[in-house]
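Structural characterization, general
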Amino acid sequence: MMTASQPDSTGHFGPYGGRFVPEVLMAPLEELELAYREASADPEFQAELANLLHHYAGRPTPLYYCKRLTETLGGAKIYLKREDLLHTGAHKINNAIGQALLAKRMGKKRIIAETGAGQHGVATATVCALFGLECIIYMGEEDMRRQRLNVFRMRLLGATVVGVKNGTRTLKDAISEAMRDWVTNVHTTHYLLGSALGAHPYPMMVRDFHKCMGIEARADILQMEGRLPDTVIACVGGGSNAIGIFHAFIPDEGVKLVGVEAGGRSLQLGEHAARFEGGTPGVLHGAYTYMLQTPDGQAAVTHSVSAGLDYVLIGPEHAMLHDQGRAEYTSCNDADALTAAQTLARTEGIIPALESAHAVSEAIARAPSEPGKVYIVNLSGRGDKDTDIYRENLPELDAADSNPTTF
Amino acid sequence: MPQTRIQQLFERTQKDGRAALIAYLTAGDPTPEKTPEIAATLIRAGVDLIELGVPFSDPVADGPVIQRASARAIDAGTNLPKVLEIAKQIRSHSEVPLLLFTYLNPALHYGLEKLAADAKAAGIDGVLLTDLSVEEAAAFMQPLRNVGLDTVFLAAPTSTERRLKLVSEYSTGFVYLVSRTGVTGERVALSETLGELIAKVRAVTTLPLAAGFGISTPEQAAAVAKMADGVVVGSAIVRQIEQDLNGLEPMVRALAEGMKR
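Predicted model, so just to flag it, every value in this text is computed and none were measured. Per chain, the residues get numbers from 1 upward, laid out in the order the sequence is written. Key to labels: chains lettered from A, ligands numbered from 1, both in the order written. With pLDDT at 70 or above as the cut-off, local features in this predicted model cover only qualifying residues; side-chain atom pairs require 80 or more to be listed or tallied, and sums for whole chains, interfaces and linings still use all residues. Excluding hydrogens and water, the side-chain figures rest on all heavy atoms present in the structure.

**Thoughts on helix H4 (residues 80–93) of chain B**
Residue and element names in this part refer to chain B. Only DSSP runs of H or I with at least four residues qualify as helices, and only runs of E with at least two residues qualify as strands; both kinds are numbered from the N terminus onward. Expected helix span is taken as 1.5 Å per residue step, with the number of steps being one fewer than the number of residues. Helix length check: H4 (14 residues) gives 21 Å between terminal C-alpha atoms against 20 Å at 1.5 Å per residue, within 8%. Those residues of H4 that sit buried are Leu 80, Val 83, Leu 84, Ile 86, Ala 87, Ile 90 and Arg 91. Seen from one end, H4 has its buried residues packed into an arc of 155°, which puts them on one side. In H4, the exposed positions angled more than 90 degrees off the buried face are occupied by Ser 92 and His 93. Contact definition: two residues touch when any of their heavy atoms are within 4.5 Å. Contacts made by the buried residues of H4 are with helix H1 (5–16), helix H2 (35–44), strand S2 (49–53), strand S3 (98–102), helix H5 (104–110) and helix H6 (112–122). Exposure is judged per residue with a 1.4 Å probe applied to protein chains only, and the accessible area is read against the type maximum: over 50% gives exposed, under 20% gives buried, and values in between give partly exposed. Directions drawn from the helix axis to the C-beta atoms are what define this arc.

Structural data, given as structure tokens:
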């Protein structure tokens, strides 16, 4: 039996994870861990969480068989876990509801969060509106530009969006700025971290709030196919949607788990965000894990067309699954992700988020050579937020007289 | 192990009935060539201990002033080998105690065993790893201790009694008190809770205590000097370097004045 009881009591996944933060944050992290453990064991908390996930967010989400996509590719059967159908349009709401309930329980009335693609920011702004909490979202200015729609959605929901001008002006810098806020306002504030990364207990807690994805998908595929899938595929930025869908399948050793990182423009350092392509273990943002870094040990510049995957670190549980060989990690470049998004749109009528399109691309690449196999792809978010990027990259569809050829 | 320069310093200042003035510098700001010269100015003006900050791409515990300094230093080509080179140059002219102040990642990337040996050889006396908690510290600090470097840890207003005990056990040389929750940077008013923190830490250790974060004016420094064994000034000095290097010596002299009790 592998990894089912990870992390250990000090937050380590094998050698990875842990708690590497300035001393000011150590006691608050201990307090958060204690509150989380108590809430997890409290039937009332669990009932309130389940109720909101069902009636407010829309769980369980369907597992959908992509008949046309499968037939078009002529190989493995492809199922999608439809997290894109959740309220706010991505899996991020699972964790946002969970942590907001926890913050309420801890008496914290001010919520801060970072966001890359804006999906976690929107989910956080949404739950803050729902619970009447003050909400401040840190977002890199580059990401504000490329995910403008989500910036507006957050503001419409009553959140303050703070643009971060430091560094690469993307997710890494937004997390650093959120940590600085937390260090300063720790007595009143809960940091609602949006991915399975950072200092313990975040990687464990965020995974736990998302593991419903894998539990539901596993039950559904057993019913629909009468067996477990051969392969489960998910994109990996920090890694929350991937760990959420992988987790229930970890003990099923015959099920291949595939994480897809952002291959960007090329696999040269600075052109991508694939941490297992040249990254090495290091410490940043509270945890020891794989990280893209310069020869001097500085965080490297990253790039991805998808803001949600454009991040220098991978969550520590993924680092462990990688080293154990329990999950395999690959990458998909910008161009292939854009193509996969179009393919899915035209065969199934589903426009994926650019992040999720990376996972779809991997399925498209593998399926033709694996007839008889069954895949589950985590469709972690919907693509509305990426309309501007799709338009920029597909100018031929944006012309006044454009009529695309059909499949 | 023989006494380090840090331990000798606090023995001396305690005997003299004054506090030690500790200056933080981002090494390599504005350039690696300038730092030894700036250090010489600080020593001349009365600084007792220099914290040499290793610039990091993502200084999560630092406010805007030190963030800017870190970016300038990195742009000027500063890395850990260059910081050790800077230390060596300072050491060739002075016996001032030097504390290497760094986020963990550059040190890890360099290799802790190698860093311990090279830092010792460069004349560095101790190391403070900003984002190394005592829980994680055991494996990381042993190589530093083995070569006789002091290991300094942070105590914060949020630290529980259990944590303060651990911080004191793990620290040698002195304990660094974070005088307020927040990032580094100048503040108008001194933290009201510093006295309380000093009392809590004194109850669990006999090590000297130095307080930093948010101390910038001579008045604030003098007030802290009455309570603590050392007073750390960082952002105010880094800002002075950023704005007007010529003003550094008088500025630091005014701070040093306040160390007498």
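**Comments concerning the sheet that holds strand S11 (residues 280–284) of chain A**
Residue and element names in this part refer to chain A. Taken together, four strands build an open sheet; the order of strands is S1-S2-S12-S11 and the sheet is antiparallel. Sheet topology places strand S1 (12–13) and S11 at the edges, where each strand pairs with a single neighbour. Pairing between strand S2 (residues 16–20) and strand S12 (residues 286–291): two bridges, direction antiparallel. Residue pairing across strands places Phe 20 opposite Gly 286, the latter belonging to S12. DSSP bridges decide pairing: two strands pair if at least two such bridges lie between them.

**Overview of the pattern of salt bridges**
All names here are of chain A. We count a salt bridge whenever a side-chain nitrogen from Lys or Arg sits within 4 Å of a carboxyl oxygen from Asp or Glu. Taken as a whole and judged by the stated rule, the model has 53 salt bridges over all chains. The partner of Arg 59 in a salt bridge is Glu 83, with the nearest N and O atoms 2.7 Å apart. A residue pair is termed long-range when its members are at least 10 positions apart, and Arg 59 in the loop between helix H2 (43–57) and strand S3 (63–65) and Glu 83 in the loop between strand S4 (77–82) and helix H4 (92–106) qualify at 24 residues. Just as Arg 59 is buried, Glu 83 falls in that class too. A salt bridge links Asp 384 to Arg 382; its shortest N-O distance comes to 3.3 Å. Arg 382 sits in the partly exposed class, given a relative accessible area of 32%.

**Focus: the nonpolar core**
Within the largest apolar cluster, 96 residues are counted, with the highest numbers of intra-cluster contacts made by A:Ile97, A:Tyr191, B:Phe174 and B:Tyr176. The dominant element in this core, judged by the number of residues it contributes, is H4(A), at eight residues. Residues contacting B:Phe174, with those up to four places away along its chain left out, are B:Ile6, B:Phe10, B:Ile22, B:Leu49, B:Leu99, B:Val152, B:Pro208 and B:Ala210. Within the second largest apolar cluster, 72 residues are counted, among which are B:Ala45, B:Leu115, B:Leu164 and B:Leu194. In these notes, a set of buried Ala, Val, Leu, Ile, Met, Phe, Trp, Tyr and Cys residues joined through side-chain atoms within 4.5 Å is what counts as a nonpolar core.

**Considerations on the sheet that holds strand S9 (residues 230–233) of chain B**
Residue and element names in this part refer to chain B. The parallel open sheet is built from nine strands, whose spatial order is S5-S4-S3-S2-S1-S9-S8-S7-S6. Only two strands of the sheet have a single neighbouring strand rather than two, namely strand S5 (150–152) and strand S6 (154–155). When S3 meets strand S4 (residues 126–129), the two strands line up parallel, connected through four bridges. In the sheet register, Leu 100 faces S4, and the bridge partner there is Val 127.

**Let's talk about the side chain of A:Asn378**
Residue and element names in this part refer to chain A. For Asn 378, the position within the fold is in strand S14 (residues 374–379). Asn 378 gets classed as buried once you look at its relative accessible area, which sits at 0%. Excluding its chain neighbours within four sequence positions, the residues that come into contact with Asn 378 are Lys 81, Glu 83, Met 213, Ile 233, Ala 234, Asn 241, Ile 245, Ser 356 and Ala 359.

**Focus: the pairing of strand S6 (residues 134–140) of chain A**
Residue and element names in this part refer to chain A. The element S6 is extensively covered by neighbouring structure, given that six of its seven residues are classed as buried. The path from the first strand over the helix to the second decides the hand: if it runs clockwise while the strands point away from the viewer, the crossover is right-handed. Tracing the backbone out of strand S5 (residues 110–115), into helix H5 (residues 119–131) and back to the parallel element S6 gives a crossover that is right-handed. Across five bridges, S6 lies against strand S7 (residues 160–164) in parallel orientation. Following the sheet pairing, Gly 140 is matched in S7 by Val 164.

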